[in-house]
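# Notes for the structure review
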Protein chains: 2
Amino acid sequence: MSDDTRHSSAPTLEEVAVIAGVSRSTVSRVINRSPRVTAEAIAAVERAIGELGYVPNRAARILASRRTFAIALVIPENTAKFFADPYFASVIQGVALGLSSTAYTLSLLIAPEADAEKTRAFLQAGNVDGALILSHHSDDRSYLALSRTLPVVFGGRPMSDEGENAYYVDVDNVAAAEHAVRHLISRGRTRVATIAGPADMAAGLDRVEGWRRALEAAGLEADLVERADFTPAGGEDAMRRMLARGIPFDALFAASSQMASGALGVLREHGLSVPGDIAITSIDNDYFAQSATPRLTTIEQPSVEVGRTMARLLVDRIEGRDVTQVTIMPTQLVEGDSV
Amino acid sequence: MSDDTRHSSAPTLEEVAVIAGVSRSTVSRVINRSPRVTAEAIAAVERAIGELGYVPNRAARILASRRTFAIALVIPENTAKFFADPYFASVIQGVALGLSSTAYTLSLLIAPEADAEKTRAFLQAGNVDGALILSHHSDDRSYLALSRTLPVVFGGRPMSDEGENAYYVDVDNVAAAEHAVRHLISRGRTRVATIAGPADMAAGLDRVEGWRRALEAAGLEADLVERADFTPAGGEDAMRRMLARGIPFDALFAASSQMASGALGVLREHGLSVPGDIAITSIDNDYFAQSATPRLTTIEQPSVEVGRTMARLLVDRIEGRDVTQVTIMPTQLVEGDSV
DNA sequence: TTGTATGCGTTATCAT
DNA sequence: ATGATAACGCATACAA
């Protein structure tokens, strides 16, 4: 057992050098893929590395090179509540996947709003080469300042005004919503209600806006709005309030399939058929959309790709390559049986 | 702009020492809260730190102390497919939360099965102080070996035989399933079918086992089993197969609420009422359970707490404190309207 | 192309 | 209680 501890010291670059019969510098060059090394040297070093099972010590590397090869994925605490949102989870997965083929390590930071300062200090202290901010709320202001000292890429358009020159990946929520609503109108629906997202989230605002535009373009009235929090339970409540108004409508656009699925239950309860009485479209082709009865007609977002793209862009920025500030990912309508 | 780069070098411990008028050693002691420092020295150093906005360089610290203050959360790639599973997401969130109050950093690793070796090497190389393994599959064998050289805590009981002396946090899946099925029986149901999880996942196996035990204890037949993959779509297919058998049953125990929600749609399609014709219980009090119609009666697992506990246990192990090898978290039945 | 020497910012050992 | 100094493991300018 004391044996265990003794052997736990990992092989060092020095040992590799000895076995390969070259200097430490050469080993270092091979590891860092420097072009100025002979094929034989490379072979010898790689053999030695394999033999020893050598893996570079990250800390030493960071200290010497002044680069960390680490990026942070920052999730403000209130956003973390949406952790169970399939869209959200997919983006995180995409980030991790996008990074897995690189030398970068992903550091997951759930930032308590209380001391966002502490988080910023950590990020500024050179612990990471860049940061990905996944904030769906308007509290991204504190992180925008970060952009001045550290490569940062946002997931979703930052809401604060200072977000003008931030780098971010997003979908066109206004267009997506418009598309969903136009689809309802094209099927002859004329009275389209909406269950919108929170007013302090970009996706919340933009999707109502798209709904409004589609209706106005068709000369239809845009007055039936209920807000919820993107969850099924929220959608349920919103639908109850909507029905309580007593104003008839023949279609619903829900800003998220989760809310749509909550609303579906209430409609069923009230004996309203879908799509017979009420046609529905929503955003997010997730489990909720796919397992709803009837299956929802939705706008699909390339969630995993959004994450993957965020990661790629950040790495590109870190490594000095030019990247566009705003990346809008494509969305598409996926037909279900709710329209 | 070149100004920016010039100033980007963070203040060092050395600079703090100069301003505070003490040696580097003393500064280091203050930072590490060594008891052997005078109050005046502490005050002077802290003033200097505040003045400079000094933050210790992580890499240097790691290199010198041979500790990383980082822990890895390893998610084998095939498990990553379950990323959108609310249970899974909650556990991750719990881990992040549990760590946020400590000095440890969370490094998220999605490990391609192809080179699980590469991942192991990274972990062995001293890049982290410990690892959390979230594997729901039987492929955890490769990670069990890790336990010998690194503090490791598993989420969910490891499936391999060598898992005997692994540290893990889990719920009693057998008991949970038994509870769910007993509830059905206590309501007078006698013909209980089950939609089970995959046979290569501990939760898959254990929950069928619980179902079987409950039925046998009641002298009822345990023969109606269909396997699925824990997703709504899988539940849907499984239910179709179940109905295709043509064998009547009056209750269903689904190993996950996601599958139950998929099954619900099929039952409705076939004109079967819940709980009238078929009573249902399932595991996981998540969105799916809560937004189903009717709301599902389920067994709730403390998912966030599982994650938080995993984090706490790992930190305890790393810091040499004694911890129990197996931690079983409590579950409870939450009544919905499906029974 | 390769090796030598120095430095990265901190902790730890040893004196004092 | 404090300070000088040697590691920690690697990258890199410079020399060869």
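Up top is the structure these notes are about.
Description of the structure in this document. What you see is a predicted model; the values in this text were computed from it and never measured.

Here we come to unusual backbone geometry. In the segment running from Val 274 of chain A into Pro 275 of chain A, the intervening peptide bond is cis, with an omega of 5 degrees. Here Pro 275 of chain A shows up in the loop between helix H13 (257-269) and strand S9 (279-283). Positive phi is not limited to glycine here, since Phe 230 of chain A has a value of about 75 degrees. Mapping Phe 230 of chain A onto the fold places it in the loop between strand S7 (225-227) and helix H12 (232-244). A positive phi angle, near 55 degrees, is found at Arg 33 of chain B, a position not held by glycine. If you trace the backbone, Arg 33 of chain B turns up in the loop between helix H3 (24-31) and helix H4 (39-52).

Here we take up the packing of helix H2 (residues 13-20) of chain A against helix H3 (residues 24-31) of chain A. Residue and element names in this part refer to chain A. Two elements in contact, H2 and H3, have axes whose closest approach is 8 Å; the angle formed by their N-to-C orientations is 105 degrees. If you check the angle between H2 and H3, you find them roughly perpendicular. Mapping the contact onto sequence places Leu 13, Glu 14, Val 16 and Ala 17 in H2 and Arg 24, Val 27, Ser 28 and Ile 31 in H3. Its residues assigned to classes, the contact of H2 with H3 shows five nonpolar, one polar and two charged.

Listed by partner, the interface residues are 41 residues for chain B and 43 residues for chain A. The contact between chain B and chain A buries some 3,800 Å² in all, and 65% of this surface belongs to carbon and sulfur atoms. The interface formed by chain B and chain A contains five residue pairs in polar contact (both at pLDDT 80 or more). If you list the elements that add at least two residues to the side of chain B that touches chain A, you get helix H5 (58-65), helix H7 (86-100), strand S2 (105-111), helix H8 (116-127), helix H13 (257-269) and helix H14 (287-291) of chain B. With seven residues, H7 of chain B is the single largest residue contributor to the side of chain B that touches chain A. Looking at the side of chain B that touches chain A residue by residue, the class counts come to 22 nonpolar, 13 polar and six charged. Direction of pairing for strand S2 (residues 105-111) of chain A relative to S2 of chain B: antiparallel, over a ladder of two bridges. Paired with Ser 107 of chain A across the bridge in S2 of chain B is Ser 107 of chain B.

So, about the protein's contact with DNA strand C. For DNA strand C, the set of nearby residues contains 26 residues, the closest of which are Ser 25 and Arg 29 of chain A together with Leu 13, Ser 28 and Tyr 54 of chain B. Per the 4 Å cut-off to the protein, sugar and phosphate atoms form 62% of the nearby atoms of DNA strand C. One nitrogen or oxygen atom from the side chain of Ser 25 of chain B is found 3.5 Å from a base nitrogen belonging to DNA strand C. Here a phosphate oxygen of DNA strand C sits 3.0 Å away from a polar atom, N or O, in the side chain of Arg 61 of chain B. Residue assignment for the surface near DNA strand C shows that the elements contributing at least two residues are H3 and helix H5 (58-65) of chain A together with H3 and H5 of chain B. A per-class count over the surface near DNA strand C returns ten nonpolar, ten polar and six charged.

Residue and element names in this part refer to chain B. For the structure shown, the criterion picks out 27 salt bridges over all chains. Glu 209 is the partner of Arg 213 in a salt bridge, and the nearest nitrogen-oxygen pair spans 3.0 Å. You can see Arg 213 and its partner Glu 209 sitting in helix H11 (residues 202-217), four residues apart, about one turn around the helix. Arg 321 is the salt-bridge partner of Glu 319, the closest N and O atoms lying 2.9 Å from each other. A residue is classified by how much of its surface remains accessible, and Glu 319, at 37% relative accessible area, is partly exposed.

Another aspect to go through is the environment of Thr 105 of chain B. Tracing the backbone shows Thr 105 of chain B in strand S2. It is 9.3 Å that separates the C-alpha atoms of Thr 105 of chain B and Val 128 of chain B, two residues lying 23 residues apart in sequence. Each residue touching Thr 105 of chain B, except ones within four places of it in the same chain, is listed here: Ser 107 and Phe 122 of chain A together with Arg 58, Phe 69, Ala 70, Ile 71 and Leu 99 of chain B.

Reading guide: rules and limits
Residues numbered from 1 in each chain as written. Chains lettered and ligands numbered in written order. Predicted model: local features only at pLDDT ≥ 70, side-chain atom pairs only at ≥ 80, totals over all residues. Heavy atoms only, no water. Helix = DSSP H or I, 4+ residues; strand = E, 2+ residues; numbered from the N terminus. Axes fitted to C-alpha atoms, helices over the stretch in contact; angles between N-to-C directions. Parallel < 35°, antiparallel > 145°, perpendicular 65-115°, else oblique. Contact = heavy atoms within 4.5 Å. Nonpolar A, V, L, I, M, F, W, Y, C, P; charged D, E, K, R; others polar. Buried area = accessible area lost by both parts, 1.4 Å probe. Polar contact = N/O pair within 3.5 Å; in protein donor to acceptor, adjacent residues only side chain to side chain. Pairing = 2+ DSSP bridges. Near = heavy atom within 4 Å. Salt bridge = Lys/Arg side-chain N within 4 Å of Asp/Glu carboxyl O. Buried < 20%, exposed > 50% of the residue type's maximum accessible area, 1.4 Å probe, protein only.

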